[in-house]
Amino acid sequence: MAIELTSFFPKLGTMSASNYNSIVSMNLFVALLLACIVIGHLLEENKWVNDSITALIIGLSIGFVILLISGGRNSHLLVFSEDLFFIYLLPPIIFNAGFQVKKKQFFRNFITIMMFGAIGTLISFCVISLGAMELFKFLDIGSLEVSDYLAIGAIFAATDSVCTLQVLNQDETPLLYSLVFGEGVVNDATSVVLFNAIQSFDVTHVDTRIGLQFIGSFLYLFFTSTLLGVVSGLLSAYLIKKLYLGRHSTDREVALMMLMAYFSYMLAELFYLSGILTVFFCGIVMSHYTWHNVTESSRVTTKHAFATLSFLAETFLFLYVGMDALDIEKWRFVSDSPGTSIAVSAILLFLVMLGRAAFVFPISFLTNLAKKSTSEKINFRMQVTIWWAGLMRGAVSMALAYNQFTRDGHTQLRGNAIMITSTISVVLSSTVVFGLLTKHLIRFLLPQSKHFSSVSTISSDLGSPKAITVPFLERQQCSETEFGSQEFSSQVSIGRPNGLRMLLNSPSHTVHYYWRKFDDTFMRPVFGGRGFVPFVLGSPVEQSDNNLGERLLENNERLAATY
């Protein structure tokens with residue numbers, strides 16, 4: 001039979017032989033992903049190790065084994081590609097972060113997040129670039145151009161949100177999580193914009209005109225990317241609200257949400273915008289409108305599907321980073337001078353710490369001046385935690401470094417090889433060391449954060465997809481939250497503001513109040529959302545009403561049995 005098939009399809013045997021190594025590699029990599037999941041579950045109660053560190057350690061171990069088996073020729077199963085990272089792995093991670101984020105905490109601290117993310121990244125970029133220019137002169141690392149030093153600043157300036165998400169938890173420390181994670185998302189977008197600008201502009205002749213063009217390009221990319229994400233999210237909400245796809249098939253509405261999210265990212269990349277910002281704000285808008293327009297079963301499905309895709313992508317990235325750390329091709333160029341590579345890694349790690357301190361503490365001081373409430377101020381203990389938690393670097397830095405210093409994953413220049421190995425060293429050391437100590441540092445500096453966060457978590461964003469994990473809420477609280485009672489909203493937020501004086505005293509609460517009025521009056525009647533989907537047979541509200549009636553009946557029976 002095999003002979004007949006081979007004679008009928010003459011290329012079958014050749015194709016099978018050429019693809020066999022790829023099939024073996026994919027099987028081994030999937031087996032490693034399964035091992036990461038199982039080992040991570042067994043180490044769930046461990047206070048020191050998290051999923052990212054587990055994947056890194058497994059990747060290092062397997063890379064060492066492959067290095068021995070191959071006789072020192074290779075250490076990884078797959079060749080790293082920045083296209084694979086930016087097109088397939090990063091979108092589900094960033095989208096799920098926006099989809100699960102507590103919107104009230106995020107937008108309440110939006111100005112602070114933007115100062116940390118945008119201005120802070122520029123400050124860190126300048127510190128790292130200028131420091132590398134001055135300190136690398138004393139080391140023999142080959143010839144690096146001005147664009148290479150600026151690229152180094154962009155590579156190491158941004159906090160990797162993938163690493164931060166693995167360490168911090170928004171249920172345990174909601175304020176801290178919103179600041180560090182929000183800064184990480186904006187930093188990722190800012191670093192990518194900076195990196196692309198360095199490659200597109202002539203940095204050898206910098207003048208005022210080029211500087212203004214760069215600032216204008218950054219503002220254009222930021223606002224256009226955000227607008228595209230918002231429009232994509234609103235379009236998905238409007239389509240699902242009007243078509244009621246769940247009446248016939250819940251698969252269609254789940255597929256529509258997934259494809260619209262990915263389409264927004266690819267559309268941004270098509271027009272040379274920031275896909276990170278686009279898909280992040282698309283996730284926020286979808287969780288605010290679209291998620292409430294689908295059926296109850298689709299809500300559970302989308303929440304777990306997006307979280308699962310994000311988890312697999314994160315595990316894949318850290319597993320590969322661990323395996324690629326032992327790539328013999330890159331280390332061969334620095335084998336004759338290991339001290340130089342160690343010195344470069346130490347300098348970069350020092351500049352990362354210095355660059356982060358250069359903006360975290362000053363911006364926190366300026367932010368505290370504008371806040372009169374002590375509970376809203378960022379105290380020194382929180383500033384130290386934010387500085388420490390944001391020191392981690394990961395897959396974004398790796399992808400940008402590969403883009404700048406390699407060609408198709410390979411390098412033949414000593415200076416470029418030193419920068420790749422130094423980037424790997426910084427990523428490994430920062431993720432493992434800072435990742436291991438971050439939880440303990442938080443518990444030492446903020447011992448009561450978990451107690452307070454449990455209260456604020458339940459009261460802040462019960463209508464978000466994350467709230468579906470909160471077990472057994474009180475019946476009255478759940479029903480009011482599900483249907484968006486205006487009385488309940490006014491109790492949760494602040495009272496009615498009294499003109500300009502109230503706006504100056506508590507701007508975040510006042511803006512939130514007027515946004516809620518605008519949202520309830522204009523946005524939700526058109527795009528749906530919590531409590532404003534019209535009652536139509538088979539619609540999400542019809543399903544929610546039935547479930548609410550059943551819950552109220554059960555509650556009444558329970559009260560009657562009690563008394």
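Counting from 1, residues in each chain are numbered in the order their sequence is written. Reporting in this predicted model follows two pLDDT cut-offs: at least 70 for local features of residues, and 80 or more for side-chain atom pairs to be given and counted; totals over whole chains, interfaces and linings ignore these cut-offs and use all residues. Just so you know, side-chain values use all the structure's heavy atoms and leave hydrogens and water out.

1. Description of the overall build of the protein
Tallying secondary structure elements over the protein gives 24 helices and 0 strands in all. Burial here depends on accessible area, computed with a 1.4 Å probe over protein chains only, as a share of the maximum for the residue type. Under 20% is buried, over 50% is exposed, and the range in between is partly exposed. Within the span of the protein, comprising 563 residues, buried residues form 52% of the whole. By sequence separation, contacts in the protein at least 24 residues apart represent 82% of the contacts at least 6 residues apart. Accessible areas in this description were obtained via Shrake-Rupley with a 1.4 Å probe; residue shielding takes into account the shown protein chains only. Total accessible area on the protein stands at roughly 26,900 Å², and carbon and sulfur atoms take up 66% of it. Secondary structure elements are defined from DSSP: runs of H or I of at least 4 residues count as helices, runs of E of at least 2 residues count as strands, and each element is numbered from the N terminus. The contact criterion used is simple: two residues touch if any of their non-hydrogen atoms lie within 4.5 Å.

2. Some words on the nonpolar core
It is characteristic of soluble globular proteins that their nonpolar side chains tend to be buried jointly. Residues belong to a common nonpolar core when they are buried Ala, Val, Leu, Ile, Met, Phe, Trp, Tyr or Cys residues joined through side-chain atoms within 4.5 Å. Ranked by internal contacts, the top residues of the largest apolar core, which has 122 residues, are F136, I152 and L319. Beyond its immediate chain neighbours, meaning those up to four positions away, I152 contacts I128, F136, L144, L348, F405 and M419. Counting residues in hydrophobic clusters, the runner-up holds 6 residues, among them L234, V285, M523 and F527.

3. Some remarks on helix α6 (residues 110–135)
Expected helix span is given by 1.5 Å per residue-to-residue step, counting one fewer step than there are residues. Helix length check: α6 (26 residues) gives 36 Å between terminal C-alpha atoms against 38 Å at 1.5 Å per residue, within 8%. The angle separating two fitted axes, one through the seven residues that finish at a residue and one through the seven that start at it, defines the bend at that residue. Where α6 bends most, the angle comes to about 35°, and this point is G120.

4. Quick look at the side chain of S341
When you line up the elements, S341 lands in helix α15 (residues 338–369). In contact with S341, not counting residues within four places along its chain, are W331, V334, T421 and S422.

5. Some thoughts on the packing of helix α4 (residues 82–100) against helix α17 (residues 395–405)
Running from N to C, α4 and α17 point in directions that differ by 140°, and their axes come no closer than 9 Å. Classified by the interaxial angle, the pair formed by α4 and α17 is oblique. Here α4 contributes E82, F85 and F86 to the contact with α17, which in turn contributes A395, V396, A399, L400, Y402 and N403. Working convention: axes come from line fits to C-alpha atoms, limited for helices to the stretch in contact. Angles between N-to-C directions cover 0 to 180 degrees. Just so you know how the angles are binned, under 35 degrees is roughly parallel, over 145 roughly antiparallel, 65 to 115 roughly perpendicular, and the rest oblique.

6. Overview of a nonpolar patch on the surface
Here, patches come from residues exposed beyond 30% relative accessible area and free of salt bridges, joined within 9 Å for like charges and within 5 Å for nonpolar side chains (Val, Leu, Ile, Met, Phe, Trp, Tyr). Salt-bridge detection follows one rule: a side-chain nitrogen of Lys or Arg within 4 Å of a carboxyl oxygen of Asp or Glu. Side chains of M26, V30, L34, I37 and L312 sit close together on the surface and give an oily, nonpolar patch of about 410 Å² of accessible area. Among the elements that make up the nonpolar patch, the one with the highest residue count is helix α2 (residues 12–42) (4 residues). Relative accessible area serves as the criterion here: at 34%, L312 is assigned to the partly exposed category.

7. Some thoughts on the confidence of the model for the protein
Mean pLDDT over the protein works out to 76, with 73% of the residues at or above the 70 mark. Confidence scores labelled pLDDT are given residue by residue by the predictor and lie between 0 and 100. A low-confidence stretch, residues 1–9 (pLDDT under 50), is modelled with 1 contact involving residues beyond four sequence positions or located in other chains. The model gives residues 469–497 a pLDDT under 50, and that stretch makes 43 contacts with residues more than four places away or in other chains.

8. Quick notes on the packing of aromatic side chains
Working definition: an aromatic ring pair is given by the centre-to-centre distance plus the angle between the planes. Centre distance within 6.5 Å is the pairing criterion for rings of Phe, Tyr and Trp, where only the six-membered ring of Trp is used; planes under 30 degrees apart are then read as stacked, over 60 as edge-to-face, and the remainder as tilted. Under the defined criterion, the tally for this structure stands at 20 aromatic pairs. Counted as over-ring charges are cases with an Arg CZ or a Lys NZ within 6 Å of the ring centre that also lie within 35 degrees of the ring normal. We note R299 situated over the ring of W291; from NZ or CZ to the ring centre the distance is 5.6 Å.

9. So, helix α16 (residues 380–389)
Burial analysis of α16 places 8 of its 10 residues in the buried class, which makes it a mostly covered element. For α16, the full list of buried residues reads M382, Q383, V384, T385, I386, W387, W388 and A389. Measuring from the backbone nitrogen of R381 back to the side-chain oxygen at the start of α16 gives 3.2 Å, which picks out N379 as the cap. Polar contact criterion, stated in full: a pair of N or O atoms within 3.5 Å, where within protein one must be able to donate a hydrogen and the other to accept it, and residues adjacent in sequence count only if both atoms are side-chain atoms.

10. Concerning the side chain of T290
Following the sequence through the fold, T290 ends up in helix α12 (residues 275–293). According to the relative accessible area criterion, T290 is buried, its value standing at 0%.

11. Comments concerning the environment of G528
Note that G528 resides in the loop between α23 (507–527) and α24 (540–562). For G528 and K241, which are 287 residues apart along the polypeptide, the C-alpha to C-alpha distance reads 6.3 Å.

12. Considerations on the pattern of salt bridges
In this structure the tally under the stated criterion is 4 salt bridges. Between R356 and E183 there is a salt bridge, with its nearest N and O atoms 2.6 Å apart. Linking R356 in helix α15 with E183 in helix α9 (residues 174–200), this pair joins segments that are 173 residues apart in sequence. Judged on exposure class, the residue R356 and its partner E183 are both buried. R524 is the salt-bridge partner of D520, the closest N and O atoms lying 3.3 Å from each other. With a gap of 4 residues between them, D520 and R524 both fall in helix α23, about one helical turn apart. Under the relative-accessibility criterion, R524 is labelled buried at 1%. It is possible to trace a salt-bridge network through shared partners that takes in D519, D520 and R524.

13. With respect to the packing of helix α3 (residues 51–69) against helix α13 (residues 296–324)
For any two helices packed against each other, one specifies the crossing angle of their axes together with the interaxial distance. Two elements in contact, α3 and α13, have axes whose closest approach is 7 Å; the angle formed by their N-to-C orientations is 40°. The orientation of α3 with respect to α13, classified from their angle, is oblique. Viewed along their axes, α3 and α13 form a crossing whose handedness is right-handed. In this structure, α3 uses D51, S52, A55, L56, I58, G59, L60, I62, G63 and I66 to contact α13, whose residues at the interface are F311, T315, F318, L319, V321, G322 and M323. By the definition used in this description, the sense in which the near helix is turned from the far one sets the handedness, with an anticlockwise turn below a right angle giving left-handed and a clockwise turn giving right-handed.

14. What about unusual backbone geometry?
In this structure, Y244 takes a positive phi of about 50° despite not being glycine. The residue Y272 is not glycine, and still its phi comes out positive at about 60°. In this structure, Y272 sits in the loop between α11 (250–270) and α12. Residue class for Y272 comes out exposed when judged on its relative accessible area of 72%.

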